[in-house]
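Notes for the structure review
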Amino acid sequence: MSETSDFDSELIESLFIKYAKVNTRSDANSQTVPTTVGQVKLAKTVLSDLQDLGIQDAKYEPENSYVLGTLPSNSDKDLSAIGFIAHLDTADFNAENIRPQIHPNYDGQDIVLNAEKHIILSPKEFPLLKKYVGQRVITTDGTTLLGADDKAGVAAIFGMLKYFLTHPEVEHGEVKVAFGPDEEIGRGAKRFPAEEFGTEFAYTLDNGQPGQIEAETFNASEAKINIRGTAVHPGDAYGLMVNAVTLANEIVSSLPKDEVPEKSRDHQGFILVTDMTATVAEAHIGLIVREFDTQKYHENLQLLHTIVDRINARFESPRVALTINEQYQNIGDTVKKHPYIVNLALDVYHRLGIKPNITPFRGGTDGNAITAKGIPTPNLFNGGDNFHGPYEYVSTEAMVKTAQVVTEIIREHVHQYGHRDEKPVKLY
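Residues numbered from 1 in each chain as written. Predicted model: local features only at pLDDT ≥ 70, side-chain atom pairs only at ≥ 80, totals over all residues. Heavy atoms only, no water.

As a further point, take the packing of aromatic side chains. Under the criterion given, the structure shown has 14 aromatic pairs. Each ring, one from Tyr19 and one from Phe158, has its centre 6.2 Å from the other, and the planes form 55°; the classification is tilted. With a gap of 139 residues between them, Tyr19 in helix 1 (residues 9-20) and Phe158 in helix 3 (residues 148-166) connect regions that are remote in the sequence. Each member of the pair Tyr19 and Phe158 is classed as buried. (Phe/Tyr/Trp six-rings, centres within 6.5 Å; stacked < 30°, edge-to-face > 60°. Helix = DSSP H or I, 4+ residues; strand = E, 2+ residues; numbered from the N terminus. Buried < 20%, exposed > 50% of the residue type's maximum accessible area, 1.4 Å probe, protein only.)

Structure follows, in structure tokens:
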């Protein structure tokens, strides 16, 4: 078994800080691939670092903006390949002039991020900080995000690769790595080169604490409802006016009142009205539907159709038009058919003394699109916290722990050759 001391913590930390300083904020309004030039800059930097590390087949693919690399197998066993994936972009928050700050041997007290602006990272507000006492905590200066989501995952993958390259005596199968764009806006993985990647399964290392496994996500769709009214002078409206505002209110009032984000958690789904504009003449409603249970998900989509059809039935011609765009599917439906993928990670957690935490991911990851392309891909963790904002942080030790877990998954895959742990996994 590898120890955390076997990993090049200086390499992991230095790479993370270098990558964090590159503005890779994705842009949903852009139609380029990737959506921002900073992502190309970082992709080419990662490519160069992979080549310097000794990954001989490393390459950057401009058509999809993925960086790919392979650690060749050194085993005589017929082992299937495993993949590890992290994304290069960051969320929709200020990412210009990121200044990572290192706080060695964190003492568990408040961390002053920016004295001038009185911005403080406090364990009173963020109690999870207490878990990082004694570690090298890396934060922002309080004016930007940090980018631990997911540059901590990128750095941890480098830590794993460095371990195997400097320990050629350690048996392993083929390992594929990929670093991609635009995860935060749900576009990057739609271009993921799954056939070329060619692994039996993979893991994303996209946020979360040690021991976390996110083997299921929402099923997700967005819906657009357009309503056509008839505007006439209110004094002459009898029998003529069709008020689009009234119809919009009727639609919203017909939705389940308790199935909303502010009343849902764990495996509970919701229908969220994201926006609405309305006049007498026309109205527009935006919604998103989120549900873990696939049957309930389809029932909620049908509910929208039923509401619209009921209103349209009152008129000679349809007044309400519904458009539904499926965004992603729950990876749990596929992962449940391949329990070895989760059991492999669970076995490693137990051997390393890490308490497992199988949690539902109340959103989507690159794993949704990659799973849909035929490579089951649950999410593990990268060790950071407070993602997408100025209080984001990670520690060097947490990234090293991620690298250790990934390494042990690869080694355990060798150990379980011929006798896989295929016992059913309870995700719910």
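Read from one edge of the open sheet, three strands run 4-7-16, paired in antiparallel fashion. Sheet topology places strand 4 (101-103) and strand 16 (393-395) at the edges, where each strand pairs with a single neighbour. With direction set aside, neighbouring strand axes in the sheet form an average angle of 25°. Of the pairings in the sheet, the one linking strand 4 to strand 7 (residues 137-139) comprises three bridges and is antiparallel in character. Across the sheet, residue Gln101 finds its bridge partner in strand 7, namely Thr139. (Pairing = 2+ DSSP bridges. Axes fitted to C-alpha atoms, helices over the stretch in contact; angles between N-to-C directions.)

This part is about unusual backbone geometry. Note that the residue after Val33, namely Pro34, is joined by a cis bond; omega there is -10°. Along the chain, Pro34 falls in the loop between helix 1 and helix 2 (37-53). A positive phi is found at Ser65, a non-glycine position, where the angle reads about 65°. Tracing the chain through its elements places Ser65 in the loop between strand 1 (59-61) and strand 2 (66-71).

On to the UniProt feature "binding site: Zn(2+) 1" (unreviewed entry) in the protein, then. Mapped onto this numbering, the UniProt entry annotates "binding site: Zn(2+) 1" (unreviewed entry) at His87, Asp149 and Asp206. Across 120 residues in sequence, these annotated residues keep their C-alpha atoms within 8.0 Å of one another, forming a single compact spot. Of the annotated residues named above, the ones that line the largest cavity are His87 and Asp206. Of note, Asp149 is situated in helix 3. The contacts of Asp149, once residues within four sequence positions are left out, are His87, Asp89, Thr90, Glu184, Asp206, Asn207, Asn382, Phe387, His388 and Glu392. If you trace the backbone, Asp206 turns up in the loop between strand 9 (201-204) and strand 10 (212-213). Excluding residues within four positions of it along the chain, Asp206 makes contact with His87, Asp149, Asp150, Glu183, Asn379 and Asn382. A distance of 3.2 Å separates polar atoms of two side chains, one belonging to Asp206 and the other to His87. (UniProt positions renumbered as here; feature names shortened; annotations may be inferred. 1 Å grid on protein atoms, 1.4 Å probe; cavity = no way out; pocket = protein on both sides within 12 Å on 5 of 7 lines; lining within 4 Å. Contact = heavy atoms within 4.5 Å. Polar contact = N/O pair within 3.5 Å; in protein donor to acceptor, adjacent residues only side chain to side chain.)

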